[in-house]
Amino acid sequence: MLTRLYGGHVVDPVNGVDGVGDLYFEDGRIVAPPEGRSADVEHDVSGHIVMAGAIDIHSHIAGGGVNTARLLLPEAHRAHRPRPANTPLSTAGWSTFETGRLYAQMGYTTVIEPAVSPHHALHAHLELADIPIIDKGFLTVLGNEDFLLSAFRDGATQDSVVDYIGATLEATRAIGVKCVNAGGVDAFKQNIRHFSLDDVVPEYGLSSREIFQTLQRAVNATKIRHPLHLHMNNLGLPGNVETALATIDSSQGLPLHLAHVQFYAYGTEGKNGFSSAAARFAEKINANKNVTVDVGQVMFADIVTISSDVMKQFNSLPGGRPKKGVIFDGDSNGLGVVPYSYRVSDFFNAVQWAAGLELFLLCDDPMQVFFTTDHPNGAPFTTYPEVFALLMSADKRAQYCSRLPADVLELTNLPALKREYSFYEIATMTRAAPRKLYGFEDRGQLGAGSVADIAVYKPQPDKAAMFRSAAYVFKDGNLVVRDGKVSHYTKGRTLRVRPEYDRKINSRLDKYYDGLYGLPRSLFEVQDAALPNADAFAEVPCRS
Amino acid sequence: MSNATLDGKSISSEDAYEKAAEILQAANFPLVAGLGADVAGAQAAILLAERLRGAFDHLASRDSLADLEVVRSAGIFVTTPNEARVRADLVLLVGPGLTGYWPAIFDRLALDKETVHGGKTARRVIWVGPKRGEAKIDGVEVETIPATEAELPGVLAALRARVGGRPVALPAAAAKKLDAAAEALKSARFGVAVWSAAGLDSLMVEMLQGMITELNATTRFTGVPIGGRGNATGVLQTSAWMTGFPPRTGFGRGYPEHDTWRFEASRLVESGEADAALWISAYSGEAPPWEDVDIPLITLGPPGSAPKHGLFIAVGKPGENYDAVEFAQETSSMVLRRASAPAELPTVAEAIAAISAKFSEDLPC
Ligand SMILES: [Zn+2]
């Protein structure tokens, strides 16, 4: 069935398109305008903005952490509407089902969960399989496990580390590798409470810097497209911009992704010893094109922080809002879940909010800076439309600023920044750039051959309303959203990478598990028989 | 051969599914309970409860909720049995009957072996309130702090007080013993408390976790909960991602509502609010807890577990008769259990699908 969207303003940065034109798709893929054939179905989208489906590169949507947060905060997700017919569980609050529904309604069609501990991969896949409509994938978390740290300490060859990463990606069916507070999670188990770039993990004699750099080189050598996804040390602490700048200085000229950098954009100025250092940080980012960042914007809302940086989460417990939390010392890994509430009247929260926007506005290249709230850590993903509106309107930012504590404005540059994002820049940041960051060849653009994941928005003065309720969303060519409401539920795919590696590592790993845990390693592997949708996986190619 | 019975008499599977669908569809507020099932079975059961606008509960909810109550009100420190195995230089066993709740406990925690990470040392093992004769572990010197079940809350409170340096009103000898234990806890590198909520109540778990929080002011200390029977933790997790809530959740108003009192299975049945029940107990065939109630009952259980009354449909045992995903106590994670004795029996999910296929069309899907 050939479908034609006609008359819309197509914004497709990958192909340099920014103007009125028609779009055709058939059998789930975008096709070139066919000659001598007319479309079976036509949609008049004149006056609308047409983009590829959006891609979220970092959003905690599935797995043990998110599920723990659900159980910790039953009050956070009450539903209030009876369900409409024929949509099972469509009224459950913060469920897998709602995750797919709400993302789709905003025109998002691919979302990556950024932090899954290898031993909890199956749980994460079970949740992902239950999320309708969107495609998804996850990053597996490495860099605090004894096997790897011992290998680094003992000077293992890069090839053997590459094999280990390959085997872990295969066993967990992940799309890339994240490293969280490199070495710090292990150090916390040894009762260390603060861990910076040059602090050393006891027992291994390795600094955080050495760990992330060695892992960064190895990830690069696997030829998977996504660079090491790094959660740096000292998250949230005053003056931590120094850590961030030093991390960029240590990035070896190789690709490196720095996660939720707003949480590292802090100086120590002012009477509270806490200020925005976003300007220095952005300057550094602009000067280091090997580095990409996502912002992790804060919005004023009740949230819950979910992080594998268990040391940081432990230190956050006394400031929890409300004061409770889960601290999990996992297998060679960790997890902390602590609720919080960002308040516009709170000096620190207001600085955080401003610092995030400064980063967005001061980083020159939207291919380098990614749109995230680190859902749900900075704000729930449902606030994205409001954040888009803030990026697109200096007036709207001024309205927000008028509500901030007066002393905050002296410690940020935000009021002076008049930049307003265009639709083209928004599409770059949420479509073209994620395509490149994850090496997607089949999405993030509207050229022929791409999957027909398409979001159509009706422009209106209220940009947030525009992005909140897409006029049309097509997933693999199926119309799934009409006028901001899901009209049809589909099952998405799970995206994974399968780099080549020497399978000899498997017998070493089997022996290691047997020796350390007295358990077969296969107990931790994700196997087809465990999944309701084993055929839903799609492979993202590696570099050749 | 059919594996279904009605009031103890054999009927065909087709008739059984038909009859089950009739019962559930005729009910105003059906209950899906027991839920002793693998993850796929739990998913099917929860979807069924939602479709019927009924409620669901798990047979070991009491135990899951005892821990969860503490999580919700104060929070919790936990680790995995494997991390305890490689790292715990001190293991605090809490309450009687731990080996009953988790037969492989001592082997898994390798209490007789040295720690591997964080330094290689022998472990110190302290057991508060073991059953008589229970605190014997091969190759391990177990220090015990005796307490009957009735004394246990008081002893835990006193231990917590001594860890925090607060006074307790105890005879000198008992106080000295507690002080020694408190000192041991405080000087642990990575201490791990192990408990089963099946043997404690929420207040005791809260006391224990309160003590762990205090210990973390100066050292590292955490806990290993022993989960409830019948894949209670796996069903809890599944319920959380599907509905946002644990079991004891109802859909009567068309959206999930969670209430530990209102949607407790026995209360729903005994009060007459539930007017039909689907009881699932695929692991053990455990019978429903309610008594002297005559509402239409459908039971899904392993062969041989048919009750005298009502409709029974035999299903396989998860992980034994069919490949199944469940929460594993030994890893604290979801795992695939390969069938050790495959059998020609439907899975829980298949039985529910077969029942659902018989619903008349006016029921939303
Ligand atoms: Zn994150």
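It should be emphasised that the depicted structure is a prediction, and the values quoted were computed from it without experimental measurement.

Caption draft 1: Just the overall build of chain B, in detail. Regarding its fold elements, chain B presents 12 helices and 17 strands. For chain B, whose C-alpha radius of gyration is 23 Å, the value lies close to the compact-globule estimate of 21 Å for 365 residues. C-alpha atoms of chain B, sized along the principal axes, occupy 70 × 40 × 35 Å. In chain B, the proportion of contacts linking residues at least 24 apart, taken out of those at least 6 apart, comes to 67%. Between the averaged position of the 34 positive side-chain charges in chain B and that of its 45 negative side-chain charges there is a distance of 8 Å.

Caption draft 2: Region of interest: the domain arrangement of chain B. Residue and element names in this part refer to chain B. Per the domain assignment, the segments of chain B are domain 1 (4–60 + 230–356) and domain 2 (65–226). A straight line from the C-alpha centre of domain 1 to that of domain 2 covers 34 Å. The interface is formed by 9 residues belonging to domain 1 together with 12 residues belonging to domain 2. Interface area, domain 1 with domain 2, both sides summed: about 750 Å², of which 60% is carbon and sulfur. On the domain 1 side of the interface with domain 2, the three residues burying the most area are Q329, E330 and S332, jointly 56% of the side's total. One can count 0 salt bridges joining domain 1 with domain 2. Looking at the side of domain 1 that touches domain 2 residue by residue, the class counts come to 2 nonpolar, 5 polar and 2 charged.

Caption draft 3: Highlighting the sheet that holds strand β17 (residues 302–307) of chain A. Spatial ordering of the open sheet is given by β17(A)-β19(A)-β18(A)-β5(B), a layout of 4 strands whose pairing is mixed. Bordering the open sheet on either side are β17 of chain A together with β5 (75–79) of chain B, each of which pairs with just one other strand. Neighbour to neighbour, the strand axes of the sheet diverge by 10° on average, direction disregarded. Bridge count between strand β18 (residues 325–330) of chain A and β5(B): 5 bridges; the pairing is parallel. Opposite A:I327, over in β5(B), you have B:F77 as the bridge partner.

Caption draft 4: How the structure looks around the pairing of strand β23 (residues 478–482) of chain A. Residue and element names in this part refer to chain A. Here 4 bridges tie strand β22 (residues 472–475) to β23, and the two strands are oriented antiparallel to one another. Looking at the pairing, F474 lines up with L479 of β23. Linking two consecutive strands that pair antiparallel, namely β22 and β23, is a turn of 2 residues; a positive phi of about 50° is found at D476 within it. One ladder, built from 2 bridges, connects β23 with strand β24 (residues 485–486); its direction is antiparallel. Directly across from V481, in β24, lies its bridge partner V486. With antiparallel pairing between neighbouring strands as the criterion, β23 and β24 make up a hairpin whose turn holds 2 residues, including D483 at a positive phi of roughly 50°.

Caption draft 5: The arrangement of the sheet that holds strand β15 (residues 311–314) of chain B in detail. Residues and elements named next belong to chain B. In space, the 9 strands of this open sheet follow the order β2-β1-β15-β14-β13-β3-β4-β11-β12, with mixed pairing throughout. Looking at strand neighbours, the two that pair on one side only are β2 (9–11) and β12 (257–258), the edges of this open sheet. The pairing of strand β3 (residues 30–36) with strand β13 (residues 276–281) spans 5 bridges and is classified as parallel. For P30, the partnering residue across the bridge sits in β13 and is A276. Taken strand by strand, helix α12 (residues 348–356) contacts β13, β14 (297–301) and β15, and its axis lies near 150° from that of β14.

Caption draft 6: Representation of the interface of chain B and chain A within the structure. Listed per partner, the contact involves 61 residues of chain B and 58 residues of chain A. Note on chain B versus chain A: buried area summed over both sides is about 4,900 Å², and carbon and sulfur give 57% of it. If you look at where chain B meets chain A, you find 3 salt bridges. Taking the shortest distance from any N to any O, the salt bridge between A:K189 and B:E83 comes out at 3.4 Å. At the boundary of chain B with chain A, the tally comes to 26 residue pairs in polar contact (both at pLDDT 80 or more). Mapped onto the side of chain B that touches chain A, the elements with two or more residues apiece are α2 (39–51), α3 (61–73), β5, α4 (81–87), β10 (220–226), α10 (232–243) and β17 (333–337) of chain B. Among the residues making up the side of chain B that touches chain A, the classes are represented as 27 nonpolar, 20 polar and 14 charged.

The rules behind these values
Residues numbered from 1 in each chain as written. Chains lettered and ligands numbered in written order. Predicted model: local features only at pLDDT ≥ 70, side-chain atom pairs only at ≥ 80, totals over all residues. Heavy atoms only, no water. Helix = DSSP H or I, 4+ residues; strand = E, 2+ residues; numbered from the N terminus. Rg over C-alpha atoms; globule rule 2.2 N^0.38 Å. Contact = heavy atoms within 4.5 Å. Lys, Arg positive; Asp, Glu negative; His and termini not counted. Charge placed at Lys NZ, Arg CZ, Asp CG, Glu CD. Domains from an automatic or database assignment. Buried area = accessible area lost by both parts, 1.4 Å probe. Salt bridge = Lys/Arg side-chain N within 4 Å of Asp/Glu carboxyl O. Nonpolar A, V, L, I, M, F, W, Y, C, P; charged D, E, K, R; others polar. Pairing = 2+ DSSP bridges. Axes fitted to C-alpha atoms, helices over the stretch in contact; angles between N-to-C directions. Polar contact = N/O pair within 3.5 Å; in protein donor to acceptor, adjacent residues only side chain to side chain.

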